[in-house]
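# Geometric and topological summary
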Amino acid sequence: MTIKKTKVIIPQIIVIVSTVTNNLKNLKFLGSIKSSGVFDMNSYPSQVLEITLFPETAKRLDKALADAVSEKYTLSRSRLKKLIEAGCVISSDNGLVATLKTKVIPNSNWEITLEAPEITNISAEDLKIDIAFEDEHLIVINKAAGMVVHPAPGSPSGTLVNALMFHCGSSLSGVGGRKRPGIVHRIDKNTSGLLVVAKTDVAHSGLASQFENHSISRHYKAFCYGVINKLDTRLNSHPKIKFEKSETLMISGNISRHRFDRKKMAVFDHIGRRAVTRCKNEVVYGEFATRLDCWLETGRTHQIRVHLAHIGHGLIGDPVYGSRRKFKVKSLEEKDVEFLDNFRRQALHATSLAFIHPVTNEPVSFNSDLPKDLIELDAILKKIR
């Protein structure tokens, strides 16, 4: 595969532009017509890749091109699909502009016009972040509780993405055609712990595929009210609960928006998206609370919080799903009871993350210790007798 300076004679431009503008009226080619009557694609910061498809190739053009493009250009199938839709993929054999329905012919030749990654309007902010791992493809962050992952109308700044825009700077090669970090999963604002962020299209596509097929391992430490016991008749008769081997509790229940409170999620029978959470007791604090090891088969919004609240074991401190309970225990000092009563964030921490590196294909895993507030919570709960 080579990168070359592509020149298109004016009559060809007329055919191409008329074809593209029928599909996308606002499309503008990156280039200019020189006095010599030639359209110069290199007058603007873009490059043209010349691709030859494999003899045995996929039936979809975006897939066939993704297989043939060198990894160094970090072109995912989703990015190629957008380029095809924008009229940026042209047959070198006959000059036709490709569409998603274009028939794939083995050994055919294609030109892909790559625009320079668009600079996003998300501001870069010098914020403190805890980096567990970083290379040129991805970065693993140990997020602090209280930090939002992505800017939104209510949180336009001070987010993890703002911090990564500053930290990564020029090392971002562009995700989806924009110079920004690629968020493939999120953890809630007041949940702490590990999450992985892509820095390139290839990394984003590879990680997204692993999340989609549920092959990424994610474990959380959760502090919930009450004790989960397989001998509890209430739990054993619950339609969303099943006790598996080694006293592992499986909670399965579709998750969708709450019918009346649109900021909350809820469990449903016949609507919503499938969600499965597994958990196992690690520490039981008398009859008052339990520390759980939770792991996800799926990754729905607020999943652990919603599932545990649904079975009557909401997280300590959860301002949305946890019913606040008073810890009036004789074995606790007054300051300890005050700490528990004023614990204002869900006691949930993403402790481990494991996946296949999307570029090196090596298995990688990361672990995160409990943050200071959860260490203190654990110490106080251990005083309960």
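As a reminder, the structure under discussion sits directly above these lines.
These lines cover the structure that appears in this document, whether it is placed above or below. Here the structure is a predicted model, which means the values were calculated and not measured. (Residues numbered from 1 in each chain as written. Predicted model: local features only at pLDDT ≥ 70, side-chain atom pairs only at ≥ 80, totals over all residues. Heavy atoms only, no water.)

### As for the packing of helix α2 (residues 61-68) against helix α3 (residues 77-85)
Helix packing geometry: the angle between the two helix axes and the distance between the axes. Put simply, α2 and α3 touch, their axes get as near as 9 Å, and they point 120° apart. When the axes of α2 and α3 are compared, the pair comes out oblique. As for the relative orientation of α2 and α3, their crossing is right-handed in sense. Packed against α2, whose contacting residues are Leu-61, Asp-62, Lys-63, Leu-65 and Ala-66, the element α3 presents Arg-77, Leu-80, Lys-81 and Ile-84 at the interface. A breakdown of the residues in the contact of α2 with α3 according to their chemical character gives 5 nonpolar, no polar and 4 charged. (Axes fitted to C-alpha atoms, helices over the stretch in contact; angles between N-to-C directions. Helix = DSSP H or I, 4+ residues; strand = E, 2+ residues; numbered from the N terminus. Parallel < 35°, antiparallel > 145°, perpendicular 65-115°, else oblique. Left-handed = near helix turned anticlockwise from the far one by under 90°. Contact = heavy atoms within 4.5 Å. Nonpolar A, V, L, I, M, F, W, Y, C, P; charged D, E, K, R; others polar.)

### Some words on the packing of aromatic side chains
Across all of its chains, the model carries 4 aromatic pairs by this definition. Both rings, one in Phe-223 and one in Tyr-285, keep their centres 6.4 Å apart while their planes meet at 15°; by these two values the pair is stacked. Here the residue Phe-223 occupies a position in strand β14 (residues 217-225), and Tyr-285 occupies one in strand β19 (residues 276-285), the gap between them amounting to 62 residues. Per residue, the accessibility class of Phe-223 equals that of Tyr-285, and both read buried. Through pairs of rings, three or more aromatic residues link up here, namely Phe-133, Phe-355 and Phe-366. (Phe/Tyr/Trp six-rings, centres within 6.5 Å; stacked < 30°, edge-to-face > 60°. Buried < 20%, exposed > 50% of the residue type's maximum accessible area, 1.4 Å probe, protein only.)

### Notes on the packing of helix α8 (residues 334-341) against helix α9 (residues 372-381)
Viewed as axis vectors pointing N to C, α8 and α9 meet at an angle of 130°, and their least axial separation amounts to 10 Å. When the axes of α8 and α9 are compared, the pair comes out oblique. Once α8 is placed against α9, the crossing between them reads as left-handed. Together, Asp-336, Phe-339 and Leu-340 of α8 and Asp-373, Glu-376, Leu-377, Ile-380 and Leu-381 of α9 make up the contact between the two elements. Within the contact of α8 with α9, the residues separate by chemical class into 5 nonpolar, no polar and 3 charged.

### Side note on the nonpolar core
In a soluble, globular protein the nonpolar side chains are often hidden away together inside. Membership of the largest hydrophobic core comes to 35 residues, with the highest contact counts inside it found for Leu-160, Leu-164, Tyr-220, Ile-228, Leu-249, Leu-292 and Leu-308. A per-element tally of this core places helix α4 (residues 160-168) first, with 6 residues. Every residue in contact with Leu-164, bar those within four places of it in the chain, is listed here: Ile-129, Ile-139, Ile-141, Gly-169, Pro-181 and Val-197. Counting 21 residues, the second largest nonpolar core, distinct from the first, contains Ala-64, Leu-75, Leu-80 and Cys-88. (Core = buried A, V, L, I, M, F, W, Y, C linked by side-chain atoms within 4.5 Å.)

### Brief notes about helix α7 (residues 303-310)
Most of α7 is tucked away, with 6 of its 8 residues classed as buried. Looking only at α7, the buried set comprises Gln-303, Ile-304, Arg-305, Val-306, His-307 and Leu-308. Two residues or fewer past α7, Gly-312 is found with a positive phi of approximately 90°.

### Examining the pattern of salt bridges
Scanning the model with the defined rule gives 17 salt bridges in all. Its salt-bridge partner being Glu-282, residue Lys-221 comes within 3.4 Å of it at the nearest N-O pair. You can see Lys-221 sitting in strand β14 and its partner Glu-282 sitting in strand β19, a full 61 residues away along the chain. Accessibility expressed as a relative area gives 16% for Lys-221, which makes it buried. Taking the relative accessible area as the measure of exposure, Glu-282 reaches 36% and is therefore partly exposed. Here Arg-305 ties to Asp-318 by a salt bridge, and the two come within 2.8 Å at their closest N and O atoms. A residue pair is termed long-range when its members are at least 10 positions apart, and Arg-305 in helix α7 and Asp-318 in the loop between α7 and α8 qualify at 13 residues. Since its relative accessible area comes to 5%, Arg-305 is described here as buried. On the basis of relative accessibility, which here comes to 1%, the residue Asp-318 falls in the buried class. Connected via shared salt-bridge partners are Lys-221, Glu-282, Arg-291, Asp-378 and Lys-382. (Salt bridge = Lys/Arg side-chain N within 4 Å of Asp/Glu carboxyl O.)

### Looking at unusual backbone geometry
Of note in this structure, Ser-246 is not a glycine but carries a positive phi near 60°. Relative accessible area serves as the criterion here: at 51%, Ser-246 is assigned to the exposed category. Phi angles above zero are rare outside glycine, and His-302 is one such case at about 60°. Mapped onto the elements, His-302 comes out in the loop between β20 (289-296) and α7.

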